[in-house]
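Given next are the chains, with one letter for each unit.
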Amino acid sequence: MILKSFRDSSHSPIIKILFAAIILSFCLWGVGDIIRNYSASKAVFTLDKERFTVEQFLREYSQEKQRIRNIGSKPLTDAEMAKLNIKGLVLNKLVNEAILERAYSKLGIIIPKQSLINIVHSLPQFQNHGTFDSRIYEMAIRRSGISEQGFLHQIRDNVARTQLLHPIMAGYKLPSIIKDIIAKEFESKYTILVSKVNLNSLKSDVSATDEELKQYYSNNQDKYRRPETRDVSILIIDYQKLAGDITVTDEEVESVYQDNKESYKPQETRDFEMFSFDEKTDADKAWDMMNRGVSTKEVVKGLTPDMENVKGIKLTDLPKKIGKDLFSLKKGQASEVYAMDGKFYIYRLTKITESKQISVADIKAGIRKELRQDKMNSPEFYSKIKEMKNKIDDGFGSGKTIDTIAKETGMEIKHISSIQKEVKSDDLIKIVPDEDTRTEVIESIFTTERGQASQMIDSKESDSLSYVVVVNKVRPAKVPEFESIKDRLKNDYILENKDKKLTEELNALSSKGNAVADMKKKFSVKTFRFSKKDLITQKDHANPEVKRILEEIPNPNAVLNIMSALKKGEVSHYKISDSEYIIFGIESIDKSSSISKEFYDVISKYIDSGAASDVVPATLNAFKQTMKLKIDNKLIDEVTKGSDERNEEG
C-alpha cells in the first residue's frame, strides 16, 4: 500500500541525510574562496527581504559534498553523489535555517547572556579536566576563522532553534501556537498535478557524429572503465581442527558439578523498570505517582528521570540490602526509594519468570563443553596454534603451493573468480562472514602480487580462524575499445543531451509565477488530492494511476515533502533515476481555518509514537507559507555546475 511505502521510505539513508541536512546540521564551517565568476551580491534565494548570496550557498555546498561523500566505511562514488541531489539538500538546509531564525524571533525566544556563557563553559571541547579553559576556547575561535561574536551568535541561534524544535522532536507537550501550526498544515488539502517523464521516450533532434562520440568517449573514460578483477584461492585455517585430541574426563566434569551443585538449581528471574533521580523530592513524587497507578510514560514525561529496563535479574545479582525487598514485590508494584552512589532509585516490577529445571545430563554436557573451551584457551593449546602458524608461514616461504600446504595441515581451500574490489562478493561473505576481517582480506587480495601469498590474516571475531590469500590471476582495469561500445556511447550521448534540455526546461518552468498552467500544456498530468492528515489517519484518496507512479519512486516521502513545501501555482521536479523525472505542481491549496479536538489528539499520539521526522518538516513548511520566499534555481544550477567543474580540474 502506498501509505506504507511512504513510511518505510522515511527510514532510508537518503531521507535520513535529507532530514539531518534540514534540521540537525548546525555546526561551524570553514570559509573557502571558491567564488570566481559570480558576484557576491547575487542571491540564490530571498526570504522576506533578506538575500542569501552565491558565496554563502557555495561555501555550504562544497563542505556538504565533502561531508556526505565520506559517510560510511568508504567514500561515495560520483554516481552515488549525483543521486543525492546535494544542491537540493543545501538549499533546504539554508532555507529552513532562515525560516527557523524568523520563527523563533516571532515567538520571542530569547537566550539571556548569562545562559549563553554557561552553555559555552559547559561544552566539553573547551574544558580541561572538567573545568572551562579560556586558552583552549580562544585557540578554537582563532582556528575556526570566525570572530568570537560570530561564534557566540551561532551558539545562540542553535540554542534558540533547539528550544523551538525540541518539544516537537522529544514528544513533549507542544506549545499551543506550534500545535496550531502543525495541525493546520497537516489538514491543508493540496490539489497536485503529477507527471512522470522518461528521457528515453522523448524525441531528440541531436545527431552524434563519430568525432563527437570519440570526444565524448575520451571525456568519460572512467564511466566505461571495467574494474580490475582477480582470481584467488583462500586458505581457511581453522584451529578448532587442532582440538581433536583434547579430552575432558568424567571425573573432571563430576568435580565441577559437585562444587557448583547449588547454582544449578532453578532460580526465578525478575524484569524491572529502574528509575534514577538526582533529587529525592523528584523520586518521592515518582513513588507517589506509581502507587496511584500512574503509567511509566506519564512518570517519565512529568519528571524526566533516567529510566532503564533491566531484565533477567536473579536474587544473587542484587545487593543483599535490596534483593529481598525487590523479590517480594508484586507485578506492577514499585519499590521504596533507595539512595545509592549519590542518586535515588525506584524499581518497578514488570515480569516474573520461573526458570525450568535442567536435567543433570544437560548440565554435565554444558560443563564438559566449558572445560573443553577452557583447555582450548590454555597456554598449551596456544603453543599448538603458534606451531601451526609457523608451519604454514614456512611452507609458503619455501615455495610450497597452497594445495600442498592444505593437504599437509588438513585445512580447507576456497576459490573465487573475477572478484572486484568495489563490489560485495557473496562468495567472500560466505567464507569470511566478519565484515572487519573481510575488509582486510579484500585489501590483501588487491595488494598481493600474482602468484604470491598474503600475510596471515587473523579473524577479528574468532580466536580460532585465520586466512591466507593467494592471487592466481589479475585482470587489469580496462576501458573497452571505442568500436565495441559505440552504440552505448551514442545512446548515453543523446540521453545526456535530452537530460540537459529537459532540466533547462524544468528550471525555466519552476521560475515562472504561475507555472501550473504551462505544466498542463507541456506534459501529460494526473491530478490527486493530498494532505499529511490523510497519511497519518491512513486515509487514501490517491488516483490509482498516480498511486502507481508514486509507488515506483525510490523515495516517495522526499517527493511528498517537496510537494507540501510548494505554494499555489508553483512547480518542481525530482530525478528518480538516471533516465526518469517526476514533475509536480500545486494547482490549489485549501487551508484549514479550524482544527477539531479529535485531530489534536491524533497529532499528539503521532508525535508520541516517534514520528517527529514528519512533524518537523510540516512545521517548517507551515512557517514557510507565511513568509515570502523566492528561489533562483537557474542561478543555483549554474554556480554548482561551475563549482563541480573547478573541483574536477583541481
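Here is what the cut-offs are and how they apply
- Residues numbered from 1 in each chain as written.
- Predicted model: local features only at pLDDT ≥ 70, side-chain atom pairs only at ≥ 80, totals over all residues.
- Heavy atoms only, no water.
- Salt bridge = Lys/Arg side-chain N within 4 Å of Asp/Glu carboxyl O.
- Helix = DSSP H or I, 4+ residues; strand = E, 2+ residues; numbered from the N terminus.
- Buried < 20%, exposed > 50% of the residue type's maximum accessible area, 1.4 Å probe, protein only.
- Phe/Tyr/Trp six-rings, centres within 6.5 Å; stacked < 30°, edge-to-face > 60°.
- pLDDT = per-residue confidence, 0-100.
- Contact = heavy atoms within 4.5 Å.
- Core = buried A, V, L, I, M, F, W, Y, C linked by side-chain atoms within 4.5 Å.
- Axes fitted to C-alpha atoms, helices over the stretch in contact; angles between N-to-C directions.
- Parallel < 35°, antiparallel > 145°, perpendicular 65-115°, else oblique.
- Left-handed = near helix turned anticlockwise from the far one by under 90°.
- Nonpolar A, V, L, I, M, F, W, Y, C, P; charged D, E, K, R; others polar.
- Lys, Arg positive; Asp, Glu negative; His and termini not counted.
- Pairing = 2+ DSSP bridges.

## With respect to the pattern of salt bridges
Counted under the stated rule, the structure contains 21 salt bridges. Taking the shortest distance from any N to any O, the salt bridge between D492 and K223 comes out at 3.6 Å. With D492 in helix α21 (residues 486-510) and K223 in helix α11 (residues 221-224), this pair connects stretches of sequence that are 269 residues apart. Overall, D492 belongs to the buried group, its relative accessible area being 12%. Since its relative accessible area comes to 43%, K223 is described here as partly exposed. A salt bridge links D278 to K343; its shortest N-O distance comes to 2.4 Å. On the criterion of sequence distance, the pair formed by D278 in the loop between β7 (269-277) and α13 (280-291) and K343 in strand β10 (residues 343-353) is long-range, its members being 65 residues apart. Given the relative accessible area of 54%, D278 is considered exposed.

## Some points on the packing of aromatic side chains
Each aromatic ring pair is characterised by the separation of its centres together with the angle its planes make. Summed over all chains, the structure comprises 6 aromatic pairs. Ring geometry for F57 and Y61: centres 6.2 Å apart, planes at 10 degrees, overall stacked. A residue pair is termed a helical-turn pair when its members lie 3 or 4 positions apart in one helix, as F57 and Y61 do in helix α3 (residues 54-69) at 4 residues. Both residues of the pair, F57 and Y61, count as buried. Relative to F482, the ring of Y217 has its centre 5.6 Å away and its plane inclined at 75 degrees; by these criteria the two rings are edge-to-face. Pair noted here: Y217 is in helix α10 (residues 210-219) and F482 is in the loop between β13 (465-475) and α21, with a separation of 265 residues, a long-range link. By the burial criterion, Y217 is buried, and F482 matches it. Every member of this aromatic cluster is reached through a ring pair, and the members are F272, Y338 and Y347.

## Section: the confidence of the model for the chain
Residues at a pLDDT of 70 or more form 70% of the chain, whose mean pLDDT is 77. Counting interchain partners and residues more than four positions distant, the pLDDT-below-50 stretch residues 1-39 has 96 contacts.

## Some words on the side chain of T640
The residue T640 is located in helix α28 (residues 633-649) in this model. Among residues more than four places away in sequence, those in contact with T640 are F57, L58, Y61 and K87.

## Some thoughts on the nonpolar core
Residues V44, F45, L47 and F57 are the most contacted members of the largest nonpolar core, which totals 22 residues. When residues of this core are traced back to their parent elements, those giving at least two are β1 (43-47), α3, α5 (86-106) and α28. Here this core takes 8 residues from α5, the largest share from any one element. Those residues in contact with F57 that sit more than four places away from it in its chain are V44, K87, V90, L91, L94, I636, V639 and T640. Counting 20 residues, the second largest nonpolar core, distinct from the first, contains M376, I385, V468 and V470.

## Digging into the packing of helix α17 (residues 379-397) against helix α18 (residues 402-409)
The relative placement of two packed helices comes down to the angle between their axes together with the axis-to-axis distance. Orientation of α17 relative to α18, taken along the N-to-C sense of each, is 155 degrees, at an axis distance of 10 Å. By the angle between their axes, α17 is roughly antiparallel relative to α18. α17 and α18 meet at a crossing whose hand is right-handed. When α17 is examined against α18, the residues M388, K391, I392, G395 and F396 are found in contact with a partner set consisting of I402, I405, E408 and T409. Looking at side-chain class alone, the contact of α17 with α18 contains 5 nonpolar, 2 polar and 2 charged residues.

## Considerations on the side chain of R438
Of note, R438 is situated in helix α20 (residues 435-445). Despite its burial, R438 pairs with no opposite charge; the closest candidate is E435, at 4.9 Å N-O. Residues contacting R438, with those up to four places away along its chain left out, are L428, I429, V432 and P433.

## A closer look at the sheet that holds strand β2 (residues 50-53)
Read across the sheet, 3 strands follow the order β2-β1-β17 without closing on themselves; strand pairing throughout is antiparallel. Only two strands of the sheet have a single partner each, and these edge strands are β2 and β17 (629-631). Neighbour-to-neighbour, the strand axes of the sheet open up by a mean angle of 15 degrees, direction not taken into account. By the bridge criterion, 3 bridges tie β1 to β17 in an arrangement that is antiparallel. Bridged to L47 within β17 is L629.

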